[in-house]
Amino acid sequence: LPTNTTHIVVSGLQDGESYWFQVEAVGANTRYMEAGARPDHLNAEDVHAIDVAANGTAYIGGVFTRIGPYTGSGIPVSARTGLAGAFPAVNGRIRAAVPDGQGGWYIGGSFYQVGGVTRTRLAHIRADGTLGDWNPSANNTVNTIAVDGDTIYVGGIFSQLGGQARSRLGAI
């Protein structure tokens, strides 16, 4: 990468496809790692210098206080490494998240889209971080989810769940 570049162009990606990066941020009193996809929280006009050391470490300098992806309302973080995992952006609040038993998650809350796809207050995120086909929808906020075998129990302030009349509690 050339020095004093004001932007980086990543090519060869399809619409919505993520790319992954990892940088070490060094501040006056801090040193920490940032990792993620699509660094939406770094304005190109705030980058004044980019250079790559012989060991492959990229150094980015400029006037900014953070760098990282737009994650929406949730992101899985590895308890072992501290790095963020794959998860589609959620455009509202996640109020409930439970494992699906296969490495993925059921999420509920007050959101309307997940990964740019309509999901009204309920969604399933697969183990690979992609959005699943499960799409029951609720007409108001979901506050809790429980899984028992193949049945997903949902609680909240809704009156309809999956197109059926359900007052505050339902099984899917």
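Quick caveat, the model's predicted, so the values are computed rather than measured.

Enquirer: Break down the overall build of the protein for me, with residues and values.
Expert: Scanning the protein from terminus to terminus reveals 0 helices and 14 strands. Ordered by position from N to C terminus, the α and β elements of the protein give β-β-β-β-β-β-β-β-β-β-β-β-β-β. The buried share of the protein, taken over its 172 residues, is 30%. Put simply, of all contacts in the protein between residues at least 6 apart along the chain, 30% involve residues at least 24 apart. Accessible surface computed for the protein: about 10600 Å², of which carbon and sulfur atoms make up 48%.

Enquirer: Tell me what's going on with the side chain of Thr120, and back it up with residues and numbers.
Expert: For Thr120, the position within the fold is in the loop between strand S8 (117-118) and strand S9 (122-125). Not counting the four nearest positions on each side in its chain, Thr120 is found in contact with Phe111, Tyr112, Asn135, Ser137 and Ala138.

Enquirer: Mind laying out the environment of Trp105, listing which residues take part and the relevant values?
Expert: Within the secondary structure, Trp105 is located in strand S6 (residues 105-110). Look at Trp105 and you get partly exposed, because its relative accessible area is 31%. With residues near it in sequence (within four places) discarded, Trp105 still touches Phe87, Ala97, Val98, Pro99, Asp100, Ala123, His124 and Ile125.

Enquirer: Tell me about the sheet that holds strand S11 (residues 151-156), residues and numbers included.
Expert: The 3 strands are arranged S10-S11-S14 in an open sheet whose pairing can be described as antiparallel. If you trace the sheet from one side to the other, it starts and ends with strand S10 (142-148) and strand S14 (169-171), each paired once. Averaged over all adjacent pairs, the angle separating strand axes in this sheet is 15°, with direction ignored. Here S10 runs beside S11; their pairing, made up of 6 bridges, is antiparallel. The residue of S11 that forms the bridge with Ile145 is Val154.

Enquirer: Help me get a handle on the nonpolar core, residues and values and all.
Expert: Generally speaking, a soluble globular protein has its nonpolar side chains buried in company with each other. Judged by nonpolar contacts, Ala96, Val98, Tyr106, Leu122, Trp134, Ala138, Val142, Ile145, Ile152, Val154, Phe158 and Leu161 together constitute the single largest core of 12 residues. Mapped onto this core, the elements with two or more residues apiece are strand S5 (93-99), S10 and S11. Sequence-distant contacts of Val142, defined by excluding residues within four places in its chain, comprise Arg95, Gly108, Gly109, Arg121, Leu122, Val154, Gly155, Gly156 and Phe158. Counting residues in each nonpolar core, the second largest holds 8 residues, with Val90, Phe111, Ile125 and Leu131 among its members.

Enquirer: Outline the sheet that holds S5, supporting the account with residue identities and numerical values.
Expert: In spatial order, the strands read S5-S6-S9; together these 3 strands make up an open sheet with antiparallel pairing. Across the chains shown, the open sheet's two edge strands, defined by having one partner strand only, are S5 and S9. Across the sheet, the mean angle from the axis of one strand to that of its neighbour is 25°, orientation sign disregarded. In the sheet, S6 pairs with S9 via 4 bridges, with the strands oriented antiparallel. Within the sheet, the bridge partner assigned to Ile107 lies in S9 and is Ala123.

Calculation criteria
Residues numbered from 1 in each chain as written. Predicted model: local features only at pLDDT ≥ 70, side-chain atom pairs only at ≥ 80, totals over all residues. Heavy atoms only, no water. Helix = DSSP H or I, 4+ residues; strand = E, 2+ residues; numbered from the N terminus. Buried < 20%, exposed > 50% of the residue type's maximum accessible area, 1.4 Å probe, protein only. Contact = heavy atoms within 4.5 Å. Areas by Shrake-Rupley, 256 points an atom, 1.4 Å probe, with all protein chains shown as cover. Pairing = 2+ DSSP bridges. Axes fitted to C-alpha atoms, helices over the stretch in contact; angles between N-to-C directions. Core = buried A, V, L, I, M, F, W, Y, C linked by side-chain atoms within 4.5 Å.

Keep in mind these values describe shape, not function.
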